[in-house]
Amino acid sequence: MSRTHRSIRVGLLTSTILALSSGMSGCSVFSDLTGSNQASNQPQSSQVDSNLDPNLDSNLDPNNEATALWRSLDLLFGEAPEAPPRSELSQLPYPVSYVEFDDEPRSILVLGATGTHGQYWYSAGNEALVRWQGRVIRTAALKRENLVHSGNLASDPLSCHLSKSNNQNNNQSTQQCPTSWQRSIQIHRPVEHFNAHQPEYEIVSFSLTSQLRRTGNTLIEEGEATRTIAGEQVEQHSFTNSFELSSNGEYVISSRQWLSPKHGYVTLDMVNLAGPNAPRGESKNALIGMPVQTINGNQVPRLNDFVSALPNQFYPDTYWLGARIYSDSLDERFERRRAGMLKRLRMLAQVYTHDQQPELEAQARELIKQFQSWPLRASYKHGLTPALMQTTLEENPKLNPHDADETYEFAAPGRSQNLQIVGGAAPSAKVAWHIAPNGAIRRLERAAALGLSWQQDFGVSENDPGLLFVGINEAELPKGFRDINAQLAMFLQHWNYAQPSAQPSAQPSRQQGQEPPQKGARN
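In this report, the structure presented in the accompanying data block is examined. (Residues numbered from 1 in each chain as written. Predicted model: local features only at pLDDT ≥ 70, side-chain atom pairs only at ≥ 80, totals over all residues. Heavy atoms only, no water.)

**Let's talk about the overall build of the chain**
To keep it simple, the criterion reads: Every helix listed is a DSSP run of H or I at least four residues long, and every strand listed is a run of E at least two residues long, numbered separately from the N terminus. A 1.4 Å probe rolled over the protein chains alone gives each residue an accessible area, and that area as a share of the maximum for its type sets the label: buried under 20%, exposed over 50%, partly exposed in between. It only takes one pair of heavy atoms within 4.5 Å for two residues to be counted as in contact. To measure how exposed things are, a 1.4 Å probe is used in the Shrake-Rupley method; for residues, cover is taken only from the protein chains shown.
Of regular secondary structure, the chain possesses 12 helices and 19 strands. The burial tally for the chain puts 54% of its 523 residues in the buried class. A sequence separation of at least 24 residues applies to 69% of the contacts in the chain between residues at least 6 apart. Carbon and sulfur atoms form 47% of the exposed surface of the chain, whose accessible area is close to 23200 Å².

In structure tokens form, the structure reads like this:
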């Protein structure tokens, strides 16, 4: 650690300290703080049970906060050959956990922030695991791939076991917890075939089904994660998770959890525990009005100032990938551009009318109808990563008065939506556009053989998030209009995921060898 860090004021928040730490090494999922996989010989669960209400260790002088802080920094960000032993970590005045991936040395995480949407645990390199009721629900800044969303957390049987532990008849209460669970997760991962002209990453969805059983204070979860395209299974992963509960059943003190296909399992072993999360119920849309203002001596507020001030708006499964930031000023500029695109589409229909091409004219008019109904609203951001919003300026933008006249609006959907098909005007289209919730646009080539759905033809799962746009066949676009599909795809980056489409949804389908219907819809 650099000597310049000695100037940090005593009392800085853990998240601020983490933001000043060094980056990742090239060969580890987390920053190489450990170098060895040798575990401490200190007792495990008994040590944690004695720290249910962690405080500053009595060996540290409570009147000498500087000593405690710098000792913490040396333990967390020093160049020790292996993770510090439990006896040393337990002296830290905040929650700490060991973390270990299957093929990586053991390292440590520190609780940097906690709220109604998760507990944010950080490594020295700013990588993050987000936990809720002991389960890892999101990750950020991991090298291989990241778990970016977990759904249906209100029905998690693990939460049931924790919340009912205080019941006077504990055994009878926990026996009433569900023994099966279905949910979906979304993974942000590198694309299988790299193309310099396409996004490097994709967001894919897996459906998970699991069965749970409890023996004493151990909860075992066995299940499968599957990915399908047009109902056909293309990936499958079996997993067995284990959760060890504290003696009073209120905390997960250690766990081994399947994280994602490329990461496999992550093992978490708590040293100093954080307070348990209160149940949140079913996730709802977050809609926040943020007036243009200054705070703290003319300082312009940042997004996280509002998110932190309104905790009841957010849930552990809030769909952050669909989060958007709007302003009245941006609305005005966007509506002018939208009117310009509508004019181009009408001109395209007139060209087909003039050229006596009724089928293509019908396709153009279908696009006009859909374009007018799309729930579009220009946004400064396409999705957010709340773990990084706590520690990086890029994910925590200033809400300054230069970009809004009176107010900003923040919207985040309460849940993810499956793939929606828009356009669908051309039955023989050879190209489609996938627009992810984070704004990434991929141009997809149609498979040689016709399948049973647009998803199968273009290799996109019906459970993946985002939009699949099928426009007019590019070979049939007249000169001056050949970029119109790409332009419409860019408009779709501004899809408002917190607002349903104005048109009814339907999934295009057809028999093998038949062409898809001309009027595309959404599912």
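Once the structure has been displayed, the description carries forward.
**Topic: helix α12 (residues 484-491)**
Threshold: Here, the arc refers to the directions that run from the helix axis to the C-beta atoms.
Restricting attention to buried positions, one finds in α12 the residues I484, N485, L488, A489 and F491. Down the axis of α12, the buried side of the element spans an arc of 155°, and every buried residue falls inside it. In this fold, the buried residues of α12 make contact with α8 (328-354), α9 (358-373), β17 (431-435), β18 (441-445) and β19 (467-470).

**Comments concerning the pairing of strand β5 (residues 135-140)**
Quick reminder of the rule: Being paired, for any two strands, means DSSP has found at least two bridges between them.
In terms of burial, β5 is a largely internal element, six of the six residues being buried. By the bridge criterion, five bridges tie strand β4 (residues 128-132) to β5 in an arrangement that is antiparallel. Counterpart to A128 in the pairing with β5 is A140. Taking the residues that link successive antiparallel strands as the turn, the β4-β5 hairpin has two residues, and the phi of Q133 there is positive, at about 50°.

**Quick notes on the sheet that holds strand β2 (residues 107-115)**
Short version of the rule: For helices, the axis comes from a line fit to the C-alpha atoms of the stretch in contact; other axes are also lines fit to C-alpha atoms, and the angle between any two N-to-C directions lies between 0 and 180 degrees.
Taking strand neighbours across the sheet as the criterion, the 12 strands line up as β5-β4-β3-β2-β1-β12-β11-β10-β9-β8-β7-β6 in an open arrangement whose pairing is antiparallel. Looking at which strands have only one partner, the edges of the open sheet turn out to be β5 and β6 (146-150). Here the average twist between neighbouring strands, direction ignored, is 30°. With 12 bridges connecting them, strand β9 (residues 218-229) and strand β10 (residues 232-245) associate as antiparallel partners. Looking at β10, one finds that A225 is bridged to H237.

**Points about the state of the cysteines**
Note the following rule: Throughout, a disulfide means two cysteine sulfur atoms within 2.5 Å of one another.
Going through the model one piece at a time under the given rule, you end up with one disulfide. The disulfide that involves C160 links it to C177, with 2.1 Å between the sulfurs. The S-S bond linking C160 to C177 shows a torsion near -85°; that makes this disulfide left-handed. Taken together, the residues C160 in helix α5 (residues 157-163) and C177 in the loop between α6 (170-175) and β7 (180-190) connect sequence positions 17 residues apart. No difference in accessibility class separates C160 from C177, as the two residues are buried.

**Considering the packing of aromatic side chains**
Rules: Centres within 6.5 Å make a pair out of two Phe, Tyr or Trp rings, where for Trp the six-membered ring is used; the pair is then stacked when the planes are under 30 degrees apart, edge-to-face when over 60, and tilted otherwise.
One pass over the full model with this rule turns up 10 aromatic pairs. When the centroid spacing of 5.5 Å and the interplanar angle of 85° are considered together, the rings of F371 and F491 count as edge-to-face. Taken together, the residues F371 in helix α9 and F491 in helix α12 connect sequence positions 120 residues apart. Of the two residues, F371 and F491, neither departs from the other in class, the shared state being buried. Ring pairs connect the aromatic residues F334, F371, W374, F469 and F491, which therefore count as one cluster.

**Topic: the packing of α8 against α9**
The condition that has to hold: Any angle that is under 35 degrees is reported as roughly parallel, and any over 145 degrees as roughly antiparallel; angles of 65 to 115 degrees are reported as roughly perpendicular and all others as oblique. Note: crossing handedness is left-handed where the near helix turns anticlockwise from the far helix by less than a right angle, and right-handed where it turns clockwise. Asp, Glu, Lys and Arg are counted as charged, while Ala, Val, Leu, Ile, Met, Phe, Trp, Tyr, Cys and Pro are counted as nonpolar; the rest, among them Gly, fall into the polar class.
Two elements in contact, α8 and α9, have axes separated by 8 Å at closest approach and are oriented at 165°. When the axis of α8 is compared with that of α9, the two are roughly antiparallel. α9 is crossed by α8, and the crossing has left-handed handedness. From α8, R338, M341, L342, L345, R346, L348, A349, Y352 and T353 reach across to α9, where they touch L360, E361, A364, R365, L367, I368, F371, Q372 and S373. Residues that form the contact of α8 with α9 fall into these classes: 11 nonpolar, three polar and four charged.

**Regarding the sheet that holds β18**
The sheet built from four strands is open, its strands ordered β16-β19-β17-β18 with mixed pairing. Of all the strands in the sheet, the pair left with one neighbour each is β16 (420-423) and β18. Within the sheet, the average angular offset between the axes of one strand and its neighbour, ignoring direction, is 25°.

**Some thoughts on the environment of N463**
Secondary-structure assignment places N463 in the loop between α11 (454-458) and β19. With residues up to four places along the chain from it excluded, the contact list for N463 reads S205, S207, T228, N418 and L419.

**Here's the deal with unusual backbone geometry**
Phi is positive for A230, close to 55°, though the residue is something other than glycine. Following the sequence through the fold, A230 ends up in the loop between β9 and β10. Non-glycine residue Q356 carries a positive phi angle of around 55°. By secondary structure assignment, the location of Q356 is in the loop between α8 and α9.

**Quick notes on the environment of L367**
Looking at the element boundaries, L367 is found in helix α9. With a relative accessible area of 1%, L367 lands in the buried category. A C-alpha to C-alpha distance of 9.5 Å links L367 and L342, two positions 25 residues apart in sequence. Apart from residues lying up to four places away in sequence, L367 is in contact with L345, G423, A425, F469, I472 and L488.

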